[in-house]
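# Coordinates in review
Chain by chain, the residues run as shown.
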Amino acid sequence: MRKQLCEIRDIEQYLEQQQDTVDQRVFEAGMLTSPELAQKVSYQQKIIQLVRWLARRNKRQQLDNLYHQLMTDETYRQKITSIFQ
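What comes next concerns the included structure. (Residues numbered from 1 in each chain as written. Predicted model: local features only at pLDDT ≥ 70, side-chain atom pairs only at ≥ 80, totals over all residues. Heavy atoms only, no water.)

The subject of this paragraph is the environment of Ala55. You can see Ala55 is positioned in helix 3 (residues 35-72). Judged by relative accessible area, which is 42%, Ala55 ranks as partly exposed. Sequence separation of Ala55 and Lys79 is 24 residues, and the distance between their C-alpha atoms is 31 Å. (Helix = DSSP H or I, 4+ residues; strand = E, 2+ residues; numbered from the N terminus. Buried < 20%, exposed > 50% of the residue type's maximum accessible area, 1.4 Å probe, protein only.)

The following block contains the structure:
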């Protein structure tokens, strides 16, 4: 199990460009010689993209909720509306 965790850490560091040049080249060579590692890197990259997308979606929903709450407050809505008139 520990080997898997180390591999996941190495993949994440590679994808986040947190390795020095030598380690990055060694990792890339490993991907060339191990299709299984290359596939794991691809999967991890997709997971990272999905997590980022979901985080943006969550933030957007929070902002939408805040906007709707603020705009239902008549005093606040009038102040904001008067600024942009």
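From this point, things continue past the structure.
Here we come to the environment of Arg52. By secondary structure assignment, the location of Arg52 is in helix 3. Note: C-alpha distance between Arg52 and Glu36 (16 residues apart in sequence) is 25 Å. Looking at Arg52, its side chain comes within polar contact range of the side chain of Glu16, at 2.9 Å. (Polar contact = N/O pair within 3.5 Å; in protein donor to acceptor, adjacent residues only side chain to side chain.)

Now for the environment of Cys6. Its location among the elements puts Cys6 in helix 1 (residues 2-15). Put simply, Cys6 and Gln78 are 72 residues apart on the chain and 56 Å apart in space, counted from C-alpha to C-alpha.

Further remarks concern a nonpolar patch on the surface. Side chains of Leu50, Trp53 and Leu54 sit close together on the surface and give an oily, nonpolar patch of about 290 Å² of accessible area. Among the secondary structure elements, Trp53 is positioned in helix 3. (Patch = residues over 30% accessible without salt bridge, like charges linked within 9 Å, V, L, I, M, F, W, Y side chains within 5 Å. Areas by Shrake-Rupley, 256 points an atom, 1.4 Å probe, with all protein chains shown as cover. Salt bridge = Lys/Arg side-chain N within 4 Å of Asp/Glu carboxyl O.)

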